[in-house]
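Summary of structural features
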Amino acid sequence: MILVLKNGTKEEEILRIREMLSKYDVQVNPIVGTGTTILGLVGDTSVLDINSIYMVKSVEKIIKIQEPYKKSNRKLHPENTVVKVGDVEIGGPEIVIMAGPCSVESEEQITDIARNVKAGGAKILRGGAWKPRTSPYAFQGLKADGLELLSMAKEETGMPIVSEITNTAHIDMFMESVDIFQVGARNMQNFELLKELGKINKPVLLKRGFSNTLEELLMSAEYIMSGGNNDVILCERGIRSFETYTRNTLDISAIPALKRLSHLPVIVDPSHAAGMSWMVESLSMAAIAAGADGLIIEVHNDPANALCDGAQSLTYDEFNNTMTKLRLIANTLGRKL
Ligand code: PEP
Ligand code: MN
């Protein structure tokens, strides 16, 4: 951290600031110019009370050098984190595909989709039981019954389950049937939920909020990790922009940026980014080419009659065709799929 002092700050004042900082475990390195003096602070500056430093009249500006996220920061943990779910590894050489419907609708629906996406190469089954819908009049999910149906599909196919948690009160119930706890875009900054998920011993798939920066996403990951749960998977799912043609704007640059800033696995949700099924294949290819560790794709047995997000859901054939193309890209990059 750098403190830029006001022009003409006297030596006694500099000494007074150094005295004030001496209670912290940071080294203070002054650089005295002809007009301006700056103080370079080295050490754990996260413990400093920034507000009280701003109150010092001779401080012109505070420049933060280090990122506020620590546990998710690649600088402090250079090797990739690999999140293990059964025998599936997310963040390793293999690209992991999660697929399934937006919402669980019935036993036949979820088991049929599970069988088909598994045959197509998906390793993890997605399915929403609690659906955070914009309208309170829209289908809200089958809730606890949905979890039970997901467990049946898992029983039959052996596929681990990822499903969205919206409420801390559901954690115990989710622990019984869900392998990866999804935090949706709308809940990325539900800090009480994140804190509770920091206490569980199952992976969390953390989606980027549609108006959140990468630093905010990493700070949300920090909430989970600082509670003791290091198994966080980051997910780019499109952000709000001025463009209205697509449901959201897929931020491809988030992939290399997050891979550089953090050691956590990064996956992409092309379905919620596009909002249109015909675009999902292109966005999936782009995400893999840009270095994503996996994808979460909506697939439905009957998209035209889906209770949620049918327009962006792939049919089985479309999913299979997409997987064929993704394999070519993965192979070119020396990754497995
Ligand atoms: C979902 O995965 O079905 C979902 C609601 O996603 P998001 O939170 O990204 O909108
Ligand atoms: Mn959906």
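The preceding data block contains the structure.
To start, this report covers the structure provided alongside it. Everything numeric here is computed off the predicted structure, so don't read it as measured data.

Considering the overall build of the protein
- Along the protein, the regular secondary structure elements total 11 helices and 14 strands.
- Buried positions account for 53% of the 337 residues belonging to the protein.
- Sequence separation of 24 or more characterises 68% of the internal contacts of the protein that already satisfy a separation of 6 or more.
- For the protein, the computed accessible surface area is about 15500 Å², with 52% contributed by carbon and sulfur atoms.
- For the protein, the centre of its 36 positive side-chain charges and the centre of its 42 negative side-chain charges are spaced 6 Å apart.

Re the sheet that holds strand β10 (residues 180–183)
- Reading around the barrel, the eight strands line up as β7-β8-β9-β10-β11-β12-β13-β14 and close back on themselves, with parallel pairing between neighbours. The mean inter-strand angle of the sheet, taken between neighbouring strand axes irrespective of direction, is 25°.
- Across the face of the sheet, helix α3 (residues 107–120) comes into contact with β7 (96–100) and β8 (124–126) while running at roughly 145° to β8.

Here's the deal with the coordination of the manganese ion (ligand 2)
- Listed as protein donors to the manganese ion (ligand 2) are Cys102 (SG), His272 (NE2), Glu298 (OE) and Asp309 (OD); their distances from the metal cover 2.0 to 2.4 Å.
- Going along the chain, you hit the donors of the manganese ion (ligand 2) in the pattern C-x169-H-x25-E-x10-D. On the criterion of sequence distance, the pair formed by His272 in helix α9 (residues 270–274) and Glu298 in strand β14 (residues 294–298) is long-range, its members being 26 residues apart. Across the pair, exposure class does not vary: His272 and Glu298 are buried alike.

Considering helix α1 (residues 11–21)
- Those residues of α1 not exposed but buried are Glu13, Ile14, Ile17 and Leu21. Seen along its axis, α1 keeps its buried residues to an arc of 100°; they face one direction. Exposed and facing more than 90 degrees away from the buried side of α1 are Glu11, Glu12, Leu15 and Glu19.

Brief notes about the pattern of salt bridges
- Counting across every chain of the model gives 16 salt bridges.
- Here Arg208 makes a salt bridge to Glu236, at a shortest N to O gap of 2.8 Å. Within this pair, whereas Arg208 is found in the loop between β11 (204–207) and α7 (214–226), its partner Glu236 is found in strand β12 (residues 232–236), the two being separated by 28 residues in sequence.
- Between Arg247 and Asp309 there is a salt bridge, and its shortest N-O distance comes to 3.2 Å. With Arg247 in the loop between β12 and α8 (254–261) and Asp309 in the loop between β14 and α11 (316–332), this pair connects stretches of sequence that are 62 residues apart.
- Note on Arg247: relative accessible area 38%, which makes it partly exposed.
- Using a relative accessible area of 18% as the deciding quantity, one classes Asp309 as buried.
- Look at the salt bridges and you will find they share partners, linking Asp112, Arg115 and Glu156 into a network.

A closer look at the site of ligand 1
- Around ligand 1 lies a shell formed by Cys102, Arg126, Lys131, Glu164, Gln182, Gly184, Ala185, Arg186, Lys207, Arg237, His272 and Glu298.
- Ala185 is positioned such that a nitrogen or oxygen atom in its backbone is 2.7 Å from an oxygen atom of ligand 1.
- Between ligand 1 and the protein, one listed contact pairs an oxygen atom with a side-chain N or O atom of Arg237 at 2.6 Å.
- Look at ligand 1: alone it shows 290 Å² of surface, and the protein chains cover 97% of it.

Here's the deal with the packing of aromatic side chains
- Under the criterion given, the structure shown has three aromatic pairs.
- Relative to Phe174, the ring of Trp130 has its centre 5.7 Å away and its plane inclined at 35°; by these criteria the two rings are tilted. Placement of the pair is Trp130 in the loop between β8 and α4 (144–157) and Phe174 in helix α5 (residues 171–177), with a sequence separation of 44 residues. The burial state of Trp130 is the same as that of Phe174; both residues are buried.
- For the ring pair Phe191 and Tyr223, a centre distance of 4.5 Å and an interplane angle of 25° mean the geometry is stacked. In this pair, Phe191 is assigned in helix α6 (residues 191–197) and Tyr223 in helix α7, connecting sequence segments 32 residues apart.
- The partly exposed category is assigned to Phe191, whose relative accessible area is 30%.
- Here Tyr223 falls in the partly exposed class, since its relative accessible area comes to 31%.
- Through a chain of ring-to-ring contacts, the aromatic side chains of Trp130, Phe174 and Phe181 assemble into a single cluster.

Cut-offs and rules
Residues numbered from 1 in each chain as written. Chains lettered and ligands numbered in written order. Predicted model: local features only at pLDDT ≥ 70, side-chain atom pairs only at ≥ 80, totals over all residues. Heavy atoms only, no water. Helix = DSSP H or I, 4+ residues; strand = E, 2+ residues; numbered from the N terminus. Buried < 20%, exposed > 50% of the residue type's maximum accessible area, 1.4 Å probe, protein only. Contact = heavy atoms within 4.5 Å. Areas by Shrake-Rupley, 256 points an atom, 1.4 Å probe, with all protein chains shown as cover. Lys, Arg positive; Asp, Glu negative; His and termini not counted. Charge placed at Lys NZ, Arg CZ, Asp CG, Glu CD. Pairing = 2+ DSSP bridges. Axes fitted to C-alpha atoms, helices over the stretch in contact; angles between N-to-C directions. Donors = N, O, S within 2.8 Å, 3.2 Å for Na, K, Ca; no water. Arc of directions from axis to C-beta. Salt bridge = Lys/Arg side-chain N within 4 Å of Asp/Glu carboxyl O. Near = heavy atom within 4 Å. Polar contact = N/O pair within 3.5 Å; in protein donor to acceptor, adjacent residues only side chain to side chain. Phe/Tyr/Trp six-rings, centres within 6.5 Å; stacked < 30°, edge-to-face > 60°.

From the geometry alone we can't say anything about function, so treat these as descriptive.
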